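Each chain, letter by letter, is given below.
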Amino acid sequence: MTGVELRQLRYFVAVAEELNFGRAAERLLIAGPSLSQQIKSLERDLGVRLFDRDRRSVSLTPAGAALLPHTRALLEQADALRRRAGRLAGSESVRLGYVNWLPPDLTSRTAAVAKVHIDAWVAPSHTQAARVADGSLDLAVCWVRTEDLKRLGLRGRLIGADRLYAVAKGADTSEVPARDTDVLIDDDITAWASWNVYAEELTQVIGARTVRISDGAITGPAFFDHVRRCRRPVVNSPKGQTNPIPPDLVRREIVEPKIYWTWSLVWREKEDRPGVLDTVDALCDGVGDLGIHAPDVWLPADDPHALPR
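Below, the structure is looked at part by part. (Residues numbered from 1 in each chain as written. Predicted model: local features only at pLDDT ≥ 70, side-chain atom pairs only at ≥ 80, totals over all residues. Heavy atoms only, no water.)

Judged by nonpolar contacts, the single largest core of 59 residues is most densely connected at Leu96, Leu139, Trp195, Tyr198, Ile259, Leu265 and Val266. Ignoring anything within four residues of it in the chain, the contact list for tyrosine 198 reads Trp143, Leu164, Ile259, Tyr260, Trp261, Trp298 and Pro300. One finds Val13, Ala14, Val15 and Ala25 within the second-largest nonpolar core, a separate group that totals 18 residues. (Core = buried A, V, L, I, M, F, W, Y, C linked by side-chain atoms within 4.5 Å. Buried < 20%, exposed > 50% of the residue type's maximum accessible area, 1.4 Å probe, protein only. Contact = heavy atoms within 4.5 Å.)

Take a look at the structure:
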């Protein structure tokens, strides 16, 4: 068997599927006589006859029929090995978009499976999800609802979660019940569509108070100006998780319930490229539930990672 080549095994499978040397040769883009010679060479190396053939018909011998499924399995393993080697060499590129958060160890976790390119356009969640759906991106880290996944033809897995807190005036740093907070909702639905959907459900379900704004100050320095004007602690957004709090304001943990925002890694439902799917596994396997399934946690009803109620 030392002379057996993978291409000869592919020729064997093609002839077995076509049961016609002429059609198989056309499919393989080689000359008919060359195909016939390669099959004869394979039969010599294997020590068995694979086909019964005459001028009018071709059929598998019992030995050929018995070897066919094993040959297919061997070729599939060879293809998988080649794909894996290609990914280890970084030959498969994957485009990933995000809103404002990425796993800090993203590069080290994906280096063995694909060359991940972080898209330079930082955009809101609904925009990044739409870009994955239309093929502009392969993956995106964003906030989505189950409704969004179905509408856009996407799949999603939990990759991160932020526990939101409140920012308040004064020196009191004690915990604050969620119902005693203010939640900013911005008139700019282009930039803040996802946050507004989340925030509106939060106020309706939890009983927090809505504060309408029109200056885009859901985050950034102007957010703190709104905190100073509000009489109650103000819920921060996921984009403000790492912003330093000015010395005249304090952070207060929100309880009853704890409020979480989830980050999903989304990809197209019909995606079949190994590099993309392996990147999903590399980033999401072992993430766990990140505390979002505790009994005292609130998530939107249509959050894809929420437990059934």
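Here the narrative resumes, following the displayed structure.
With that out of the way, let us pick up helix H8 (residues 189-206). Residue pairs three or four apart in sequence face the same way in an α-helix, which turns once every 3.6 residues. With 18 residues, H8 extends only 22 Å from end C-alpha to end C-alpha; this falls clearly short of the ideal 26 Å at 1.5 Å per step. At tryptophan 195, H8 shows its strongest bend, of approximately 45°. Of the positions making up H8, those classed as buried are Trp192, Ser194, Trp195, Asn196, Tyr198, Ala199, Leu202, Thr203 and Ile206. Summarising the contacts, the buried residues of H8 are in contact with helix H6 (125-133), strand E9 (182-186), strand E10 (209-213), strand E11 (234-235), strand E13 (258-268) and strand E14 (297-298). Of the residues that open H8, the one with a side-chain oxygen 3.1 Å from the backbone nitrogen of threonine 190 is aspartate 188. Phi turns positive one or two residues past the end of H8, at glycine 207, with a value near 95°. (Helix = DSSP H or I, 4+ residues; strand = E, 2+ residues; numbered from the N terminus. Expected span 1.5 Å × (residues − 1). Bend = angle between axes of the 7 residues up to and from the residue. Polar contact = N/O pair within 3.5 Å; in protein donor to acceptor, adjacent residues only side chain to side chain.)

What follows concerns the packing of aromatic side chains. Evaluation of the coordinates by the stated rule reveals 11 aromatic pairs. With a centroid separation of 5.5 Å and 25° between ring planes, the pair formed by tryptophan 195 and tyrosine 198 is classed as stacked. You can see tryptophan 195 and its partner tyrosine 198 sitting in helix H8, three residues apart, about one turn around the helix. Judged by its relative accessible area of 0%, tyrosine 198 is buried. Ring plane angle 35° and centroid distance 6.0 Å describe the contact between tryptophan 195 and tryptophan 261, whose orientation is recorded as tilted. Placement of tryptophan 195 in helix H8 and of tryptophan 261 in strand E13 is noted, with a sequence separation of 66 residues between them. The buried category is assigned to tryptophan 195, whose relative accessible area is 4%. You can call tryptophan 261 buried: its relative accessible area is 3%. Members of the aromatic cluster, joined through ring pairs, are Trp101, Trp143, Trp195, Tyr198, Trp261, Trp263 and Trp298. Between the NZ or CZ atom of lysine 239 and the centre of the ring of tryptophan 192, over which it lies, the distance is 5.0 Å. (Phe/Tyr/Trp six-rings, centres within 6.5 Å; stacked < 30°, edge-to-face > 60°. Lys NZ or Arg CZ within 6 Å of the ring centre and 35° of its normal.)

Let us look at the side chain of glutamate 271. With respect to the helices and strands, glutamate 271 occurs in the loop between E13 and helix H10 (274-284). Note on glutamate 271: relative accessible area 11%, which makes it buried. Here the side chain of glutamate 271 touches arginine 273 through a polar contact of 2.9 Å, side chain to side chain.

With respect to burial, E9 is a largely interior element, five of its five residues being buried. Judged from the five bridges that link them, E9 and E10 form a sheet pairing that is parallel. Bridge assignment links aspartate 182 to a residue of E10, and that residue is arginine 209. Taking the sense of rotation as the criterion, the β-α-β connection linking E9, H8 and E10 turns out right-handed. (Pairing = 2+ DSSP bridges. Right-handed = clockwise from strand over helix to strand, strands pointing away.)

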